[in-house]
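In case you want the letters, here they are:
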Protein chains: 2
Amino acid sequence: MATPTPITSALDRAGYRLTAPRQALAALIADQDGHFTAAGLVAAARSRRLGVGRATVFRTLEVLEAIGAIERLDLPGGEHAYVGCKPAHHHHVVCSRCGRTSEIRDADLQRVVRHVARQTGYRVDEHRLELFGLCPACLAGDARPKARKS
Amino acid sequence: MATPTPITSALDRAGYRLTAPRQALAALIADQDGHFTAAGLVAAARSRRLGVGRATVFRTLEVLEAIGAIERLDLPGGEHAYVGCKPAHHHHVVCSRCGRTSEIRDADLQRVVRHVARQTGYRVDEHRLELFGLCPACLAGDARPKARKS
DNA sequence: AGGATATTGAGACTCTGTCTCATTCGTGCT
DNA sequence: AGCACGAATGAGACAGAGTCTCAATATCCT
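Residues numbered from 1 in each chain as written. Chains lettered and ligands numbered in written order. Predicted model: local features only at pLDDT ≥ 70, side-chain atom pairs only at ≥ 80, totals over all residues. Heavy atoms only, no water.

**Remarks on the overall build of chain A**
Assigned secondary structure in chain A consists of six helices and five strands. Secondary structure elements of chain A, listed N to C terminal, follow the sequence α-α-α-α-β-β-β-β-α-β-α. Across the 150 residues that make up chain A, the buried fraction comes to 43%. At a minimum sequence separation of 6, the contacts of chain A that also span at least 24 residues come to 47%. About 8,300 Å² of surface is accessible on chain A, with carbon and sulfur atoms providing 51% of the total. (Helix = DSSP H or I, 4+ residues; strand = E, 2+ residues; numbered from the N terminus. Buried < 20%, exposed > 50% of the residue type's maximum accessible area, 1.4 Å probe, protein only. Contact = heavy atoms within 4.5 Å. Areas by Shrake-Rupley, 256 points an atom, 1.4 Å probe, with all protein chains shown as cover.)

Listed below in structure tokens is the structure:
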């Protein structure tokens, strides 16, 4: 029923069609608190009988990443995950216990990039920073943070 | 033939046996200039008739990563690759054209990590920084850098 | 409403990586 | 040197992620 989410409007804005599978996936993604995986979405779609095929999930994730509505990240174990995010460049901290993620605005990384460029002679075009640790809620001894979407 | 490489001695030091397959793989890895992939090693081992099975390649990579002789990195496309490296904590710049990698010593990243911790309230335990760009040789218009291991 | 076109689901397919298991190899002990 | 035990190995089965094809369908524009 076209519950509008940041994702659906981003799709619309980028000139993609607002189909039922995409809306269903957008809703599933909007429900996610921390990061989520392609396999997880496939499973969720199947268990809720959304009639969304595996191929569509992967294609949609590809589109969403292309328009910057989600970002792909590589977990330490080598798994791939995604997080919904805003279009500006940024990075994520991932809680290793509960999976929640937080965005980092700028993080003063430009100086690091410049430093590296100077040190190695490379022209650095792209970078990726991923941080892992414990979120405030888990730190406080509360293994299952209560806030869902704030 | 036991051509000794940093990798073979690291294996030895860590109490692992210096078997023929491991020496062969160590030699293959020592030949790599930039990063290399598991699949690439498997193919190289097969094409050179080293008699090293796929399982052994993966097991050896696992061991080498465990003892810190190589490091696993995640390329932008989602592929996994490895680079030979020294045990100290560090990061890599990967040349997007020729695949060569360079190590970055410290990169002043601690301040960034502290900054993030302060900003988000997370306790940051682990981080990963990967940079991509053009190496000096490729920048100079020389698509095929000549230096091998310096 | 109608047509061009983007999108879809199903399933085959490829590729990476893991696991099992019988066999071989290396090492320490006698 | 001979032996016994455990580590390491190769082959191949297996599992899971992700891609691709193709015919069918839904969507948007006019």
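**Topic: the interface of chain A and chain B**
One frequently used descriptor of interface size is the decrease in accessible area upon assembly of the parts. The partner chain B presents 43 residues to the 43 residues of chain A that form the contact. Summed over both sides, the interface of chain A with chain B buries roughly 3,400 Å², with 59% coming from carbon and sulfur. Interface area lost by chain A to chain B is led by Tyr122(A), Arg128(A) and Phe132(A), which between them contribute 20%. The interface formed by chain A and chain B contains eight residue pairs in polar contact (both at pLDDT 80 or more). Elements supplying a minimum of two residues to the side of chain A that touches chain B: strand S1 (70–74), strand S3 (91–95), strand S4 (101–104), helix H5 (109–120), strand S5 (123–134) and helix H6 (136–139) of chain A. Class assignment for the residues of the side of chain A that touches chain B results in 20 nonpolar, eleven polar and twelve charged. In the sheet, S5(A) pairs with strand S5 (residues 123–134) of chain B via eleven bridges, with the strands oriented antiparallel. Counted as the bridge partner of His127(A) is Leu131(B) from S5(B). (Buried area = accessible area lost by both parts, 1.4 Å probe. Polar contact = N/O pair within 3.5 Å; in protein donor to acceptor, adjacent residues only side chain to side chain. Nonpolar A, V, L, I, M, F, W, Y, C, P; charged D, E, K, R; others polar. Pairing = 2+ DSSP bridges.)

**Some thoughts on the nonpolar core**
With 28 residues, the main nonpolar core has Leu131(A) and Leu131(B) as its most contacted residues. At the level of elements, S3, H5 and S5 of chain A together with strand S3 (91–95), helix H5 (109–120) and S5 of chain B are the ones that each hand at least two residues to this core. In this structure, Leu131(A) is in contact with His92(A), Val93(A), Val94(A), Ile104(A), Val113(B), Val116(B), Val124(B), Glu126(B) and His127(B), ignoring residues within four places of it in sequence. Leu25(B), Ala26(B), Leu64(B) and Ile70(B) belong to the second-largest nonpolar core, a separate cluster that totals 21 residues. (Core = buried A, V, L, I, M, F, W, Y, C linked by side-chain atoms within 4.5 Å.)

**Focus on the side chain of Glu130(B)**
By the secondary structure assignment, Glu130(B) is in strand S5. For the buried Glu130(B), which has no salt bridge, the nearest side chain bearing the opposite charge is Arg128(B), at an N-O separation of 4.1 Å. Filtering out sequence-adjacent residues up to four positions away, Glu130(B) remains in contact with Glu126(A), His127(A), Arg128(A), Leu73(B), Asp74(B) and His92(B). (Lys, Arg positive; Asp, Glu negative; His and termini not counted. Salt bridge = Lys/Arg side-chain N within 4 Å of Asp/Glu carboxyl O.)

**As for the relation of the copies chain A and chain B**
You can overlay chain A on chain B at an RMSD of 0.1 Å; the transform is a turn of 179° with a shift of 0.0 Å along its axis. The two molecules are tied by a two-fold rotation axis, judged by turn and shift. Proximity to the rotation axis, assessed at the C-alpha, singles out Leu129(A) in chain A; its C-alpha lies 2.2 Å from the axis. Both copies contact each other with a shared surface, as 100% of the interface residues of chain A are interface residues in chain B too. (Least-squares fit on C-alpha atoms with pLDDT ≥ 70 in both.)

**Considerations on the sheet that holds strand S4 (residues 101–104) of chain B**
Hydrogen bonds along the backbone pair up the strands of a sheet, which may run parallel or antiparallel. With respect to topology, six strands assemble into an open sheet ordered S4(A)-S3(A)-S5(A)-S5(B)-S3(B)-S4(B), the strand pairing being mixed. One side of each edge strand has no neighbouring strand; the edge strands of this open sheet are S4 of chain A together with S4 of chain B. With strand direction ignored, the average angle separating the axes of adjacent strands in the sheet is 20°. The strands touched by H5(A) within the sheet are S3 and S5 of chain A together with S3, S4 and S5 of chain B, with S5(A) carrying the most contacts at an inclination of about 130°. Where H5(B) meets the sheet, its contacts fall on S3, S4 and S5 of chain A together with S3 and S5 of chain B, and the angle it forms with S5(B) comes to roughly 130°. (Axes fitted to C-alpha atoms, helices over the stretch in contact; angles between N-to-C directions.)

**As for the protein's contact with DNA strand D**
Close contacts around DNA strand D come from 20 residues, with His80(A), Thr19(B), Gly51(B), Thr56(B) and Arg59(B) the closest. Here DNA strand D approaches the protein such that, of its atoms within 4 Å, sugar and phosphate make up 67%. At the level of elements, helix H3 (38–47) and helix H4 (54–66) of chain A together with helix H2 (20–31) and helix H4 (54–66) of chain B are the ones that each hand at least two residues to the surface near DNA strand D. For the surface near DNA strand D, a count of residues per class yields nine nonpolar, six polar and five charged. (Near = heavy atom within 4 Å.)

**Thoughts on the pattern of salt bridges**
Residues and elements named next belong to chain A. What the rule picks out here adds up to two salt bridges over all chains. Note that Arg-123 and Asp-125 form a salt bridge whose closest N and O atoms lie 2.9 Å from each other. Judged by its relative accessible area of 41%, Arg-123 is partly exposed.

**Focus on the pairing of S5(A)**
Residue and element names in this part refer to chain A. Of all twelve residues in S5, nine are buried; the element is thus mostly enclosed. Inspection of the sheet shows S3 paired to S5 by four bridges, in the parallel sense. Paired with Cys-95 across the two strands is Gly-133, which belongs to S5.

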